[in-house]
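Working through the structure, step by step
Given next are the chains, with one letter for each unit.
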Amino acid sequence: VSWGGLEGVGNQQIQDELYDVVDIAATDLSFAAWRADGRVVTWGNRGNGGDSLAAQMQLKNVKEVVGASSAFAAICQNGSVVTWGVPSAGGE
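Notes on the structure follow. (Residues numbered from 1 in each chain as written. Predicted model: local features only at pLDDT ≥ 70, side-chain atom pairs only at ≥ 80, totals over all residues. Heavy atoms only, no water.)

What to know about the pattern of salt bridges
In the structure shown here, the tally under the stated rule is 1 salt bridge. Residue D37 is joined to R35 by a salt bridge in which the shortest nitrogen-to-oxygen separation is 2.7 Å. Accessibility expressed as a relative area gives 41% for D37, which makes it partly exposed. (Salt bridge = Lys/Arg side-chain N within 4 Å of Asp/Glu carboxyl O. Buried < 20%, exposed > 50% of the residue type's maximum accessible area, 1.4 Å probe, protein only.)

Printed below as a string of C-alpha cells:
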C-alpha cells in the first residue's frame, strides 16, 4: 500500500502486479518493486522512474534495483545494467 499525491502512476493501477515482492527501491517521487520472478513493477511520478514502460523489455531476470534522487538502476542476472528515470540523473 502506498499513498501521497495524485500525480503519476498510482499503486492502485498496478496492484495486481505487486506480488512476491523481494525488495523495494525509491527515488524522491517513485517506487520500484523487485519481484521474486526477476521482474520490476514501478509507480509514482512518471518522469522520476514511476513509468518504466520503455525499459520493461530489458527488466527481466533482475537481481537488484537501486534508486537515486530521480532515476533507477537495475542489475540483471547476465550482468547488464538497465536505467530509467530522469536522463540527467542517470536514467535512460
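After presenting the structure, the write-up continues.
Looking at the pairing of strand β4 (residues 62–67)
Two strands pair when backbone bridges link them, and β4 and strand β5 (residues 71–76) are joined in this way by 5 bridges, in the antiparallel orientation. Within β5, the position partnered with V66 by the bridge is A73. If you look at the hairpin formed by β4 and β5, you'll find 3 residues sitting between the two strands. (Pairing = 2+ DSSP bridges. Helix = DSSP H or I, 4+ residues; strand = E, 2+ residues; numbered from the N terminus.)

Structural notes on the sheet that holds strand β2 (residues 30–35)
Taken together, the 3 strands give an open sheet; going across it, the order is β1-β2-β3, and neighbouring strands pair in antiparallel fashion. Strand pairing shows two members of the sheet lacking a second neighbour, β1 (21–26) and β3 (40–44), which therefore form its edges. Between one strand axis and the next, the sheet turns by 20° as a mean value, whatever way the strands run. (Axes fitted to C-alpha atoms, helices over the stretch in contact; angles between N-to-C directions.)

Quick notes on the sheet that holds β5
Taken together, the 3 strands give an open sheet; going across it, the order is β4-β5-β6, and neighbouring strands pair in antiparallel fashion. In the strand order of this sheet, the two ends are held by β4 and β6 (81–85), each with one partner. Averaged over all pairs of adjacent strands, the angle between strand axes in this sheet comes to 20°, irrespective of strand direction.

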